[in-house]
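# Tertiary structure, described
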Amino acid sequence: TVEPPEGVDAGKFYLSVSLLDWSYWVTASMLGGVLGGVLPFDISGMDFALTALFVVLFLEQLRQKQRRLPGAIGIACAVVALLVCGPGNPLYGADLRQSADREEKAMRLNAIQTLIILLAITVGTVITRFLPPILFPHGKPLPKFLQELCTLLPPAMMGLLLVYSLRNVSFASAGQWLPECIAIAVTAGLHLWRRNPLLSIAGGTIIYMLLVQVVFA
């Protein structure tokens, strides 16, 4: 949603932003993978940071009135999909989990195969990031259906991802769902109050870690 500064070529601006975003993502993922195994304290619950991120992104999408209905539709579709074929479904859940476990045990990748997969993922990511500015340079109008998708898809996708990040929450006991509800409320409250993504995500994640490690341990 950011606009290029005056006098700056839009194509080069968006290309640079995409490259920086991608490099931040890769660097942070690598650091997280390395530091996660050597930190001297319990990091249980830190994975809630991803849910908190989706909460913040979803709330940002809802700031525009025309994006609220697509956001609600995204959440509804995700909930229906989980009820039909997601975790906990008596018809599909157990079979899918067992199938995934068998496939995980059967698939063992060597270093070359792992490298090939990583390169394929990298190429795919780069293409999807850099191709749009090339196909639709600054000054070239987007087709009408793409303009509508630019408005409708982001809130729907954020709602879907938010539900997906909570797919493994169980309602068997309060300790299995209450921490998520409280942490989401804290994240949303902080963001509506300060509009600071870092504060919202960090605050919600810290509260969740305290809940699962201390209160509901």
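So, how was this worked out
- Residues numbered from 1 in each chain as written.
- Predicted model: local features only at pLDDT ≥ 70, side-chain atom pairs only at ≥ 80, totals over all residues.
- Heavy atoms only, no water.
- Helix = DSSP H or I, 4+ residues; strand = E, 2+ residues; numbered from the N terminus.
- Buried < 20%, exposed > 50% of the residue type's maximum accessible area, 1.4 Å probe, protein only.
- Areas by Shrake-Rupley, 256 points an atom, 1.4 Å probe, with all protein chains shown as cover.
- pLDDT = per-residue confidence, 0-100.
- Contact = heavy atoms within 4.5 Å.
- Salt bridge = Lys/Arg side-chain N within 4 Å of Asp/Glu carboxyl O.
- Expected span 1.5 Å × (residues − 1).
- Arc of directions from axis to C-beta.

## A short note on the overall build of the protein
- Check the secondary structure of the protein and you find eight helices and zero strands.
- Reading the protein from its N terminus to its C terminus gives the helix and strand order α-α-α-α-α-α-α-α.
- A burial count over the protein gives 20% of its 217 residues as buried.
- Split by element, the accessible area of the protein, about 15,100 Å² in all, is 70% carbon and sulfur.

## A look at the confidence of the model for the protein
- Residues of the protein with pLDDT of at least 70 account for 88%, and the chain-wide mean is 84.
- Of the regions scoring below 50 in pLDDT, residues 89–97 engages in ten contacts with residues more than four places distant in sequence or in other chains.

## Things to note about the pattern of salt bridges
- Under the defined criterion, the tally for this structure stands at two salt bridges.
- The salt bridge involving Glu60 is made with Arg63; its shortest N-O contact spans 3.3 Å.
- Glu60 sits in the partly exposed class, given a relative accessible area of 29%.
- Here Glu60 makes a salt bridge to Arg195, at a shortest N to O gap of 3.1 Å. Of the two residues, Glu60 sits in helix α2 (residues 48–61) while Arg195 sits in the loop between α7 (178–194) and α8 (197–215), which places them 135 residues apart along the sequence.
- When salt bridges with common partners are traced through the structure, they connect Glu60, Arg63 and Arg195 into a single cluster.

## Observations regarding the environment of Arg129
- With respect to the helices, strands and loops of the structure, Arg129 is situated in helix α5 (residues 111–135).
- Residue class for Arg129 comes out partly exposed when judged on its relative accessible area of 41%.
- The sequence separation of Arg129 and Val17 amounts to 112 residues, and the corresponding C-alpha distance is 9.7 Å.

## Brief notes about α7
- Compared with an ideal rise of 1.5 Å per residue, which puts 17 residues at 24 Å, α7 spans 24 Å between its outermost C-alpha atoms and is within 8% of the ideal.
- Taken residue by residue, α7 has Pro179, Glu180, Ala183, Thr187, Ala188, Leu190 and His191 as its buried positions. Looking straight down α7, one finds its buried side chains confined to an arc of 160 degrees; they lie on one side. Pointing more than 90 degrees away from the buried face of α7 are the exposed residues Leu192 and Trp193.

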